[in-house]
Amino acid sequence: MSSVWTLAVARVGAAVRQPEFRRVIVAFVLGGLAFLVLGTTPTRLPATTTGTLAWALPAVPSTPPTPWDVPVWASEPAKAAAAATEAPQPRLLGTVRVAGRWRALFDMPDGRRVRAAEGERLPDGAEVTTVAATRAEWRDGRGERHEARLLDARQP
């Protein structure tokens, strides 16, 4: 057994004599010393005037649709007018799997965020019928079927 230890010590001794190994050891020692001296938190935090974040997303302007918003391939202008007058629908933000069940995260028209699984109701009365990894389906209060897919550029 002593020959194994002798061989191991000889290999470590040969490694220590290599300049690359010495550079790595020096880098670790200097990094450890810098951690001990500087720590992980800044010494001075920037003063904030309010408790809110310093940045915010710009508000989306809510303007009525213009004739230029109607697609050229629309068969009837009445479809575009009906779409503009119907109640706003929840927007699918994402899906998550919790305890073996898929749940959909919706952004409601009033600004709330709601998580719902299959068979659960949203605050506006809609019932979630299907939730999968990249899509969700629901029926609104009038019984109309709606579907939203994640990572689909064709959706608004």
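So, how was this worked out
- Residues numbered from 1 in each chain as written.
- Predicted model: local features only at pLDDT ≥ 70, side-chain atom pairs only at ≥ 80, totals over all residues.
- Heavy atoms only, no water.
- Helix = DSSP H or I, 4+ residues; strand = E, 2+ residues; numbered from the N terminus.
- Buried < 20%, exposed > 50% of the residue type's maximum accessible area, 1.4 Å probe, protein only.
- Polar contact = N/O pair within 3.5 Å; in protein donor to acceptor, adjacent residues only side chain to side chain.
- Contact = heavy atoms within 4.5 Å.
- Patch = residues over 30% accessible without salt bridge, like charges linked within 9 Å, V, L, I, M, F, W, Y side chains within 5 Å.
- Areas by Shrake-Rupley, 256 points an atom, 1.4 Å probe, with all protein chains shown as cover.
- Salt bridge = Lys/Arg side-chain N within 4 Å of Asp/Glu carboxyl O.
- Pairing = 2+ DSSP bridges.
- Axes fitted to C-alpha atoms, helices over the stretch in contact; angles between N-to-C directions.
- pLDDT = per-residue confidence, 0-100.
- Core = buried A, V, L, I, M, F, W, Y, C linked by side-chain atoms within 4.5 Å.

Draft legend 1. Representation of unusual backbone geometry within the structure. At Ala99, a position not held by glycine, the phi torsion is positive, near 55°. Tracing the backbone shows Ala99 in the loop between strand S1 (91-98) and strand S2 (101-107).

Draft legend 2. Broad picture of the side chain of Glu137. Inspection of the secondary structure assignment puts Glu137 in strand S5 (residues 135-139). For Glu137, a relative accessible area of 14% gives the class buried. Here the side chain of Glu137 touches Arg145 through a polar contact of 3.2 Å, side chain to side chain. When residues no more than four places from it in sequence are discounted, the contact partners of Glu137 are Val128, Thr129, Thr130, Arg145, His146 and Glu147.

Draft legend 3. Region of interest: a nonpolar patch on the surface. Together, Phe21, Ile25, Val26, Val29, Leu30, Leu33, Phe35, Leu36, Val37 and Leu38 make up an exposed nonpolar region whose accessible area comes to about 1000 Å². Along the chain, the position of Val29 falls in helix H2 (residues 19-38).

Draft legend 4. View of the pairing of strand S3 (residues 113-117). Direction of pairing for S2 relative to S3: antiparallel, over a ladder of 5 bridges. The residue bridging Arg103 from the neighbouring strand is Ala117, located in S3. What sits between S2 and S3 in their antiparallel hairpin is a turn of 5 residues, with Gly111 showing a positive phi close to 100°.

Draft legend 5. The arrangement of the sheet that holds S1 in detail. One open sheet holds the 3 strands; their spatial order is S1-S2-S3, and the pairing between them is antiparallel. The open sheet has two free edges, formed respectively by S1 and S3, since each of these has just one partner strand. Across the sheet, the mean angle from the axis of one strand to that of its neighbour is 25°, orientation sign disregarded.

Draft legend 6. Structural view of the confidence of the model for the protein chain. Confidence along the protein chain averages 77 in pLDDT terms, with 66% of residues attaining 70 or more. Here helix H3 (residues 77-85) is the element of the protein chain with the lowest mean pLDDT, 56, and strand S4 (residues 127-131) is the one with the highest, 93.

Draft legend 7. Quick look at the nonpolar core. Among the nonpolar cores identified, the biggest contains 13 residues, and Leu92, Ala104, Phe106, Leu122 and Val128 are the most heavily contacted of them. Only S2, S3, S4 and S5 provide two or more residues apiece to this core. Discounting residues that sit within four places of it in the chain, Leu92 has contacts with Ala104, Leu105, Phe106, Arg135, Ala136, Ala148 and Leu150.

Draft legend 8. Molecular detail of the sheet that holds S5. The strand order across the open sheet formed by 3 strands is S4-S5-S6, and the pairing between neighbours is antiparallel. Two strands lie at the open edges of the sheet, namely S4 and strand S6 (145-149), each paired on one side alone. Pairs of neighbouring strands in the sheet enclose a mean axial angle of 20°, with direction left out of account. Bridge analysis of S5 against S6 gives 5 bridges, and the strand direction is antiparallel. Within S6, the residue paired with Ala136 across the bridge is Ala148.

Draft legend 9. Broad picture of the environment of Thr129. Examined against the element boundaries, Thr129 turns out to sit in strand S4. With 11 residues separating them along the chain, Thr129 and Glu118 place their C-alpha atoms 5.2 Å apart. Those residues within four positions of Thr129 in sequence are excluded, and the remaining contacts are Glu118, Glu137, Trp138 and Arg139.

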